[in-house]
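Here is how the chains run, residue by residue.
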Amino acid sequence: MIRPPGPALVMGAGAVGCWVGGCLHGAGTEVHFVGRPSVLEELRLSGLTLTDLDRRRQHVAPAQLRLHAEVPELRGAQAPSLVLLCVKSGATAEAAALLGLRLPPGTPVLSLQNGISNPVAAAGAAPSLQVIPGMVGFNVVRASPGHWHRGTWGELAGQSHPALQAWRPVFAAAGLPLALHGDLRPVQWGKLLLNLNNPVNALAGLPLKQQLLDRDLRHVMAALIDEALAALAAHGIRPAQLAALPPRHMPAGLRLPNALFRLLARKSLRIDDQARTSMADDVARGRRTEIDALCGEVVRLAESAGLKAPCNAWMVQRLAQPVTQPMSGRELRAALGV
Ligand SMILES: NC(=O)c1ccc[n+]([C@@H]2O[C@H](COP(=O)([O-])OP(=O)(O)OC[C@H]3O[C@@H](n4cnc5c(N)ncnc54)[C@H](OP(=O)(O)O)[C@@H]3O)[C@@H](O)[C@H]2O)c1
């Protein structure tokens, strides 16, 4: 077995945190999970179970889990050699500040969050720590208490950093290949383009696969991506390709009739029938969504180039309010005029 460089700490034991932390535990890492009391209670009762669409099934017994309601003060050999920051965007600054108060200066913190600005916000709130941008290319949902399920394919990525180099073999042994990039921004923007489907999925109230096979809903996603591509081009940013098509061809691909789209997106459609976005979960539970870190980021990028992004702006406004009724693709197209 590969020897991990040291313990790991998951800040925000939820979908991504439990999944990635659980996989690292399976590869022999001492993992500390910091989470909310309700999640910790589930883990104490049921242990941690991970499953995925490739028939992975892993169980960690409750007694083997290191669970914390607050960031533990770990020093010396006990100190984490890697922190995984896995909270939603709205909780980033507070979580990072708590880490900064308790962990030794210089501790590497890998932000496994969507959007562009979370690593910057975390670094601002915890200047003593080394925050490294990361990207999660797959989807994880809570299937039942203590049980997390990865419902799509995809990999992890991070910005090149000596700490991550040392951890790469452990991630590989955990079944989570970690690609390192000299500049992660293009990858973050490539992922953000795909995440522009999250508000569409959340408003449609459908499982991800069913939603992606609705051409009207794909038209809405294409309109959101068109605006983002125009803003990116105005800033000279070239987003990385993370799906079947290069980003500039994604809107046209999404607008194709279903039969052609199915062929083109074969790999991306390898999704569990019940998989849904975490934004859909947030909407269903009446929680604050990450819309500002996704569509809001596009609106700000567009405005800073003197452009407008009205469809993304509409999404930001719509998701600031409660969603009580799902919207059909036609209704959404009519609302956005696309
Ligand atoms: N889920 C996915 O499939 C997926 C895929 C790719 C990327 N991502 C990104 O990964 C990030 C995490 O998403 P997620 O779906 O894993 O979120 P999640 O399931 O909501 O997990 C985050 C957990 O952290 C908790 N938390 C927040 N602040 C905390 C604090 N100070 N101390 C302890 N616990 C705290 C949250 O509790 P509260 O809810 O009470 O705040 C929640 O239980 C997001 O940026 C998301 O966009 C998610």
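Model, not experiment: these values are computed from the prediction.

## With respect to the sheet that holds strand β8 (residues 130-136)
Point 1. One open sheet accounts for eight strands, arranged β5-β2-β1-β6-β7-β8-β11-β12; its pairing is mixed. Only two strands of the sheet have a single neighbouring strand rather than two, namely β5 (66-68) and β12 (178-181). When strand polarity is set aside, the average angle formed by the axes of neighbouring strands in this sheet is 25°.
Point 2. Running over the sheet, helix α6 (residues 185-195) touches β8, β11 (156-159) and β12 and is turned about 40° from β8.

## A closer look at the domain arrangement of the protein
A common way to report how large an interface is uses the accessible area buried once the components associate.
Point 1. Domain boundaries assigned for the protein yield domain 1 (8-182) and domain 2 (187-336).
Point 2. Relative to domain 2, the C-alpha centre of domain 1 lies at a distance of 26 Å.
Point 3. Taken together, the contact between domain 1 and domain 2 spans 23 residues of the former and 24 residues of the latter.
Point 4. Summed over both partners, the interface of domain 1 with domain 2 buries about 2100 Å², with 51% contributed by carbon and sulfur atoms.
Point 5. For the domain 1 face of the interface with domain 2, the top three residues by lost area are Lys 88, Ile 116 and Trp 153, together amounting to 33%.
Point 6. One can count two salt bridges joining domain 1 with domain 2.
Point 7. Linking Asp 54 and Arg 270 is a salt bridge whose minimum nitrogen-to-oxygen distance equals 2.4 Å.
Point 8. For the pair domain 1 and domain 2, the number of links is 11 residue pairs in polar contact (both at pLDDT 80 or more).
Point 9. Residues belonging to the side of domain 1 that touches domain 2 are distributed by class as follows: nine nonpolar, 10 polar and four charged.

## With respect to the pairing of β8
Across a regular strand the side chains alternate sides, sitting on one face of the sheet and then on the other.
Point 1. With six of its seven residues buried, β8 lies for the most part within the structure.
Point 2. Following the chain from strand β7 (residues 108-111) across helix α4 (residues 118-125) to the adjacent parallel β8, one finds a crossover that is right-handed.
Point 3. Of the strand pairs in this sheet, β8 and β11 are connected by three bridges, and their pairing is antiparallel. Among the inter-strand pairings, Met 135 is bridged to a residue of β11, identified as Ala 157.

## Section: the nonpolar core
If you look at soluble globular proteins, the nonpolar side chains tend to sit buried side by side.
Point 1. Counting residues in hydrophobic clusters, the biggest one holds 49 residues, and the most contacted among them are Leu 193, Leu 196, Val 200, Ile 225, Met 315 and Leu 332.
Point 2. The greatest single-element share of this core, amounting to 11 residues, is contributed by helix α9 (residues 215-234).
Point 3. The contact partners of Met 315, leaving out residues within four places of it in the chain, are Pro 199, Val 200, Leu 203, Val 220, Leu 224, Ile 291, Cys 295, Leu 332 and Leu 336.
Point 4. Within the second largest apolar cluster, 38 residues are counted, among which are Cys 23, Val 39, Trp 148 and Leu 176.

## Here's the deal with the packing of α6 against α9
Point 1. Between α6 and α9, whose axes approach to 9 Å, the crossing angle comes to 155°. The orientation of α6 relative to α9 falls into the category roughly antiparallel. Contacts between α6 and α9 involve Trp 189, Leu 193 and Leu 194 from the first element and Met 221, Ile 225, Ala 228, Leu 229 and Leu 232 from the second.
Point 2. Residue composition of the contact of α6 with α9, by class: eight nonpolar, no polar and no charged.

The rules behind each value
Residues numbered from 1 in each chain as written. Predicted model: local features only at pLDDT ≥ 70, side-chain atom pairs only at ≥ 80, totals over all residues. Heavy atoms only, no water. Pairing = 2+ DSSP bridges. Helix = DSSP H or I, 4+ residues; strand = E, 2+ residues; numbered from the N terminus. Axes fitted to C-alpha atoms, helices over the stretch in contact; angles between N-to-C directions. Contact = heavy atoms within 4.5 Å. Domains from an automatic or database assignment. Buried area = accessible area lost by both parts, 1.4 Å probe. Salt bridge = Lys/Arg side-chain N within 4 Å of Asp/Glu carboxyl O. Polar contact = N/O pair within 3.5 Å; in protein donor to acceptor, adjacent residues only side chain to side chain. Nonpolar A, V, L, I, M, F, W, Y, C, P; charged D, E, K, R; others polar. Buried < 20%, exposed > 50% of the residue type's maximum accessible area, 1.4 Å probe, protein only. Right-handed = clockwise from strand over helix to strand, strands pointing away. Core = buried A, V, L, I, M, F, W, Y, C linked by side-chain atoms within 4.5 Å. Parallel < 35°, antiparallel > 145°, perpendicular 65-115°, else oblique.

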